[in-house]
Amino acid sequence: MSQVIYLDGQFVTRGEAKVSVYDHGLLYGDGIFEGLRVYNGRIFKLEEHVERLYESAKAIMLAIPMTRQQMIEAHVETVRQNNLRDVYIRTIVTRGVGSLGIDPRSCARACVIIIVDTISLYPPEFYQEGIKVVTVATRRTAVDALSPRVKSLNYLGNVMAKIEVNRAGAFGGIMLNNEGYVTEGTADNIFVVKKGVLYTPPTHVGILQGITRDTIMELAMRDGYTVREQVMTRHDLFVADEIFFTGSGAEVIPVINVDGRSIGDGKPGAITWHFVNAYRTLVNTTGYPVF
Ligand code: PMP
């Protein structure tokens, strides 16, 4: 069965799914997106992703031409049409087609795209053994420039960071803000474990408020762990007992080395394993049913 893509209310094939070269999403990165996962026919945290999409839209004054409920239904129907039970969903809303100038008033209607695709997972050994990461020179966008809480189509800073990671021969990167405080990975949030307590940077340092991050904080509270949102420097990473990344794509992934410093004993730690497993259980037992 061939891939079906939602494009402005129509279900089209991948070959038919085209946008204009005058779309401001392409011309200016003027738009927003989401990345979701479907596990065993259930969309994980669908309402939360739709809520974040509408919050991103509100922040950039982008009118999404459908209600939240219609957006939820469009996601369910797109997954159903693809008839696959374990997939990745990429939702994109661009400012739409306009003139060549940046003024968004030339764009009559936002363009809504929902892509359902097979997920290319990290290799299993990344989860077993953990990953080596580096801090990068490219700074995370400042909250007073464009808040990273807006999941916007402007990911060029993250792309530059990823290029640095690749050139360093590492598998992940940690971005700092302009003050040198730890923000997040290139497309994942970060947690640090020290003396049994979990720490993660607060949103005001400049991070995407990840839905996996929120989920881990909820699981931590459920399971009796203390979680603190705390401003951290590289030093806090170097002396951490454990570190892990979280994201819809990566799920929970252990970090075992930062800038050449082994974290803990250089192997994924027990608390990290707890959350790898707790998250896997949750994604396999909850979610918005499609079929
Ligand atoms: N930070 C950034 C910059 C991201 O792009 C993402 C999404 N891949 C995340 C964090 C993780 O967010 P979520 O848990 O909602 O997928």
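Residues numbered from 1 in each chain as written. Predicted model: local features only at pLDDT ≥ 70, side-chain atom pairs only at ≥ 80, totals over all residues. Heavy atoms only, no water.

## Brief notes about the side chain of Ser152
Relative to the helices and strands, Ser152 is located in the loop between β7 (131-135) and α5 (156-167). In this structure the side chain of Ser152 is engaged in a polar contact, spanning 3.0 Å, whose partner is the backbone nitrogen of Asn154. When sequence neighbours within four positions are dropped, the list of residues in contact with Ser152 reads Gly31, Ile32, Phe33 and Leu146. (Helix = DSSP H or I, 4+ residues; strand = E, 2+ residues; numbered from the N terminus. Polar contact = N/O pair within 3.5 Å; in protein donor to acceptor, adjacent residues only side chain to side chain. Contact = heavy atoms within 4.5 Å.)

## Some points on the packing of aromatic side chains
By the definition in use, this model includes 9 aromatic pairs. Seen in terms of ring centroids, Tyr39 and Phe44 are 6.2 Å apart; in terms of plane orientation they differ by 90°. Their pairing is edge-to-face. Among the residues examined, Tyr39 registers a relative accessible area of 6% and is labelled buried. Residue class for Phe44 comes out buried when judged on its relative accessible area of 5%. In textbook terms, an aromatic cluster arises when at least three aromatic residues are bridged by ring pairs, as seen for Phe191, Tyr225, Phe244 and Phe275. When the ring centre of Phe238 is taken as reference, the NZ or CZ atom of Arg261 above it lies at 3.9 Å. (Phe/Tyr/Trp six-rings, centres within 6.5 Å; stacked < 30°, edge-to-face > 60°. Buried < 20%, exposed > 50% of the residue type's maximum accessible area, 1.4 Å probe, protein only. Lys NZ or Arg CZ within 6 Å of the ring centre and 35° of its normal.)

## Focus on unusual backbone geometry
For Met61, which is not glycine, the phi dihedral falls at a positive 55°. Locating Met61 in the fold gives a position in the loop between α2 (46-59) and α3 (68-82). Classification of Met61 by relative accessible area gives exposed; the value is 74%.

## Some points on the packing of helix α6 (residues 211-222) against helix α8 (residues 270-285)
Put simply, α6 and α8 touch, their axes get as near as 11 Å, and they point 105° apart. The orientation of α6 with respect to α8, classified from their angle, is roughly perpendicular. Each of Thr212, Thr215, Ile216, Leu219, Ala220 and Arg222 in α6 lies in contact with α8, whose residues at this interface are Phe275, Ala278, Tyr279 and Leu282. Partitioned by chemical class, the residues of the contact of α6 with α8 number 7 nonpolar, 2 polar and 1 charged. (Axes fitted to C-alpha atoms, helices over the stretch in contact; angles between N-to-C directions. Parallel < 35°, antiparallel > 145°, perpendicular 65-115°, else oblique. Nonpolar A, V, L, I, M, F, W, Y, C, P; charged D, E, K, R; others polar.)

## As for the site of the ligand
What surrounds the ligand is a group of 17 residues, the closest being Tyr155, Glu184, Ile211, Thr212 and Ser248. In this structure, an oxygen atom belonging to the ligand sits 2.8 Å away from a main-chain N or O atom of Ile211. Computed on the free molecule, the ligand has an accessible area of 390 Å², of which 93% lies beneath the protein chains in the complex. Elements supplying a minimum of two residues to the shell around the ligand: α6 and β13 (242-247). The residue inventory of the shell around the ligand, partitioned by class, reads 4 nonpolar, 8 polar and 5 charged. (Near = heavy atom within 4 Å. Areas by Shrake-Rupley, 256 points an atom, 1.4 Å probe, with all protein chains shown as cover.)

## A short note on the packing of α2 against α3
Contact geometry for α2 and α3: axes closest at 10 Å, N-to-C directions at 125°. If you check the angle between α2 and α3, you find them oblique. The handedness of the crossing between α2 and α3 comes out as right-handed. Contacts between α2 and α3 involve Leu46, Glu47, Val50, Glu51, Leu53 and Tyr54 from the first element and Arg68, Met71, Ile72, His75 and Val76 from the second. By residue class, the composition of the contact of α2 with α3 is 7 nonpolar, 1 polar and 3 charged. (Left-handed = near helix turned anticlockwise from the far one by under 90°.)

## A word on the pairing of strand β3 (residues 31-39)
Among the 9 residues of β3, 9 are classified as buried, and the element is accordingly described as predominantly covered. By the alternation rule, side chains of β3 split into Gly31, Phe33, Gly35, Arg37 and Tyr39 and Ile32, Glu34, Leu36 and Val38, which are all buried. If you look at the hairpin formed by β3 and strand β4 (residues 42-43), you'll find 2 residues sitting between the two strands, and Asn40 has a positive phi there, around 45°. (Pairing = 2+ DSSP bridges.)

## Comments concerning the domain arrangement of the protein
Here the domain parsing of the protein yields domain 1 (4-117) and domain 2 (124-283). One C-alpha centre belongs to domain 1, the other to domain 2, and the line joining them spans 26 Å. Facing the 21 residues of domain 1 at the interface are 19 residues of domain 2. Of the roughly 1,600 Å² buried where domain 1 meets domain 2, counting both sides, 61% is carbon and sulfur surface. It is Phe33, Phe44 and Arg52 in domain 1 that bury the most area against domain 2; as a group they hold 36% of the surface buried on that side. Applying the counting criterion to the domain 1 and domain 2 interface returns 2 salt bridges. Between Glu218 and Lys45 there is a salt bridge, and its shortest N-O distance comes to 3.7 Å. On the surface where domain 1 and domain 2 come into contact, there are 10 residue pairs in polar contact (both at pLDDT 80 or more). Secondary-structure elements contributing two or more residues to the side of domain 1 that touches domain 2 are α1 (24-28), β3, α2 and β5 (87-94). (Domains from an automatic or database assignment. Buried area = accessible area lost by both parts, 1.4 Å probe. Salt bridge = Lys/Arg side-chain N within 4 Å of Asp/Glu carboxyl O.)

## Observations concerning the pattern of salt bridges
Pairing between side chains becomes possible if they bear opposite charge and their charged atoms approach one another. Counted by the stated rule, this structure contains 13 salt bridges. Arg95 is the partner of Asp30 in a salt bridge, and the nearest nitrogen-oxygen pair spans 2.8 Å. Of this pair, Asp30 sits in the loop between α1 and β3 while Arg95 sits in the loop between β5 and β6 (111-117), placing them 65 residues apart in sequence. By relative accessible area, which is 13% here, Asp30 ends up buried. Judged by relative accessible area, Arg95 falls into the buried class, the value being 11%. The residue Arg140 makes a salt bridge to Glu184 at a minimum N-O spacing of 2.6 Å. Remark: Glu184 occurs in strand β9 (residues 182-185) and Arg140 occurs in the loop between β7 and α5; sequence separation between them is 44 residues. Salt bridges sharing common partners tie together Arg37, Glu251 and Arg280.

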